[in-house]
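Listed below are the residues making up each chain.
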Amino acid sequence: MEELKKKAETFRRSVPHKRLKEFPEIIYKDIVKDKPHKGLSNELYVTYIIDCPRKVVLMKWLEDEGYEEVQEEYKKWYPYRGNVWDDYLSNLFENHGGHSQVSVMVIVPVTNEKGKPEDVALIRGRIDAIYKENEQWKLVDFKTANEKKLFEGTHVTDKYVAQISFYSKIMNIEEFGLFFATNAAPAYEKFTDESGVLRTYAYDKIVERAHEIYKAYKEGYLPSEKREESCNYCPFREVCHRLVSSTDPRAEVIKIVKEKLEPFGKFKKKE
Ligand code: SF4
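Every chain begins its residue count from 1, and numbering advances along the sequence as written. Per-residue local features are limited, in this predicted model, to residues with pLDDT of at least 70; the limit for side-chain atom pairs, both in listing and counting, is 80 or more; totals at the level of whole chains, interfaces and linings are taken over all residues.

### With respect to the overall build of the protein
Each helix and strand counted, the protein has nine helices and eight strands in total. Three exposure classes are used, all based on how many other C-beta atoms lie within 10 Å of a residue's own C-beta (placed from the backbone): buried at 20 or more, exposed at 12 or fewer, and partly exposed between those limits. By residue count, 22% of the 271 residues in the protein fall in the buried class. Remark: residues whose backbone-derived C-beta atoms lie within 7 Å of one another are considered to be in contact. Considering only residue pairs separated by 6 or more positions, the protein has 69% of its internal contacts joining residues 24 or more positions apart. Helix and strand definitions follow DSSP, with helices as H or I runs of at least four residues and strands as E runs of at least two, each counted in order from the N terminus.

### Examining helix 9 (residues 249-261)
An α-helical turn contains 3.6 residues, so any two residues separated by three or four positions project in the same direction. By the burial criterion, the buried members of helix 9 are P249, R250, V253, I256, V257 and L261. For helix 9, the buried positions fall inside an angular range of 125° around the axis, keeping them on one side. When the buried face of helix 9 is taken as reference, the exposed residues oriented beyond 90 degrees from it are A251, K255 and E259. Looking at the buried positions of helix 9, the neighbouring elements they touch are helix 4 (53-64), strand 2 (67-69) and strand 8 (267-269). Taken from the helix axis, the directions to the C-beta atoms give the arc we talk about.

### Quick word on the nonpolar core
Of all hydrophobic cores here, the largest spans 41 residues; its most connected members are L44, I49, V57, I206, A210 and I213. Within the residue set of this core, elements represented by two or more residues are helix 3 (46-51), helix 4, strand 4 (117-133), strand 5 (136-145), helix 7 (158-171), strand 6 (175-182), helix 8 (197-219) and helix 9. Every residue in contact with A210, bar those within four places of it in the chain, is listed here: L44, I49, V108, A121 and I123. Each nonpolar core consists of buried Ala, Val, Leu, Ile, Met, Phe, Trp, Tyr and Cys residues. Their C-beta atoms, within 7 Å, join them into a set.

### Thoughts on the confidence of the model for the protein
This prediction gives the protein a mean pLDDT of 83; 82% of its residues lie at or above 70. Per-element confidence in the protein is highest for helix 7, whose mean pLDDT is 96, and lowest for helix 1 (residues 2-22), whose mean pLDDT is 58. On a scale of 0 to 100, pLDDT captures the predictor's confidence in every residue.

### A word on helix 4
Here helix 4 is twelve residues long and its end C-alpha atoms lie 17 Å apart, about the 16 Å a rise of 1.5 Å per residue gives. By the burial criterion, the buried members of helix 4 are P53, R54, V56, V57, L58, K60, W61 and L62. Of the residues one or two after helix 4, G66 is the one with positive phi, at around 90°. Here a helix's expected span is defined as the number of its residues, less one, multiplied by 1.5 Å.

### Quick look at the site of the ligand
The environment of the ligand is made up of C52, R54, K55, L58, E225, K226, S230, C231, C234, F236, R237 and C240. Looking at the shell around the ligand residue by residue, the classes come out as six nonpolar, one polar and five charged. Each residue receives a C-beta atom built from its backbone; the residue is near a molecule or strand if that atom lies within 6 Å of it. All amino acids are sorted into three groups, where Ala, Val, Leu, Ile, Met, Phe, Trp, Tyr, Cys and Pro are nonpolar, Asp, Glu, Lys and Arg are charged, and the leftover types, Gly among them, are polar.

### Regarding the pairing of strand 7 (residues 187-192)
Judged by how many residues are buried, strand 7 sits mostly at the surface: zero of six residues are covered. Note that strand 6 and strand 7 share six bridges and pair antiparallel. Note on strand 7: the bridge partner recorded for F179 is Y188. Two strands pair if DSSP finds at least two bridges between them. What sits between strand 6 and strand 7 in their antiparallel hairpin is a turn of four residues.

### What to know about the pairing of strand 4
Where strand 1 (residues 43-45) meets strand 4, three bridges bridge the pair, whose relative direction is parallel. Along strand 4, the bridge assignment pairs E43 with L122. One ladder, built from twelve bridges, connects strand 3 (residues 99-111) with strand 4; its direction is antiparallel. Bridged to V108 within strand 4 is A121. Bridging between strand 4 and strand 5 involves five bridges; their strand directions are antiparallel. From the neighbouring strand, E133 faces strand 5, where its bridge partner is Q136.

### Some words on the packing of helix 4 against helix 8
Interaxial distance between helix 4 and helix 8 falls to 9 Å at its minimum, and their mutual angle equals 35°. Two packed elements cross with a definite hand, and for helix 4 against helix 8 that hand is right-handed. Here helix 4 contributes P53, V56, V57, K60 and W61 to the contact with helix 8, which in turn contributes R209, E212, I213, A216 and Y217. Tallied by class, the residues present in the contact of helix 4 with helix 8 amount to seven nonpolar, no polar and three charged. Every angle, taken between N-to-C directions, lies between 0 and 180 degrees, and every axis is a line fitted to C-alpha atoms, over only the stretch in contact when it is a helix. Crossings are assigned a handedness: left-handed for a near helix turned anticlockwise from the far helix by less than a right angle, right-handed for a clockwise turn.

Put into structure tokens, the structure is as follows:
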């Protein structure tokens, strides 16, 4: 049984890898290649804020030290798939009078213990498309999901709803939706928030989180640990619990990366 599991794992990892290498050079180079991120130190991306505040802080500490996560080849399949899907649908909306890939930014004043503003954090995000229907603006985000999740009804996650509600609050749009490409049928999940309660709730929570994350990053403490399925895909999964008891988590995580993760090729210093 163990042997079989290992084989299945190897197969799962090797198939997309091989296929990626076989793609025409133009696609491979333009879409799959690493694009180094040159963000500002006070930028926080909305999807990461929603996913795990602790991970954002850890990643930012490491970025300051010049480290970046090494993406395994097979993982590059996912951004590739996302990019092609986003580009196709975005063009469709653009061709019909909508706007796609709309960048948004929210400035969050970061206050000191006396409540006085002393710094700013930026929340950045990108809306897949906005478009007009019956004289009303609507907003849509594109996602992918597998058939199993679609039939179980677990494809719409709280994180997705928080993200589109946040964007819709910024754009003052009442109707928004998630369009899913699945390996079964496509699905569209529509939300109408006339009162604005959902949008305001999501917006306030995300801004509050961004404030906490930025303070933790600057002051060297760790946001609380979450234990979720997505921890399984996190580069810190084996060391996350060790950081809880550390008096200086920033120094501890840098030490762990140098000693344990860098030698195994999970992180590298940026060139
Ligand atoms: S292991 Fe989980 S809790 Fe820890 S940083 Fe990663 S995602 Fe966050």
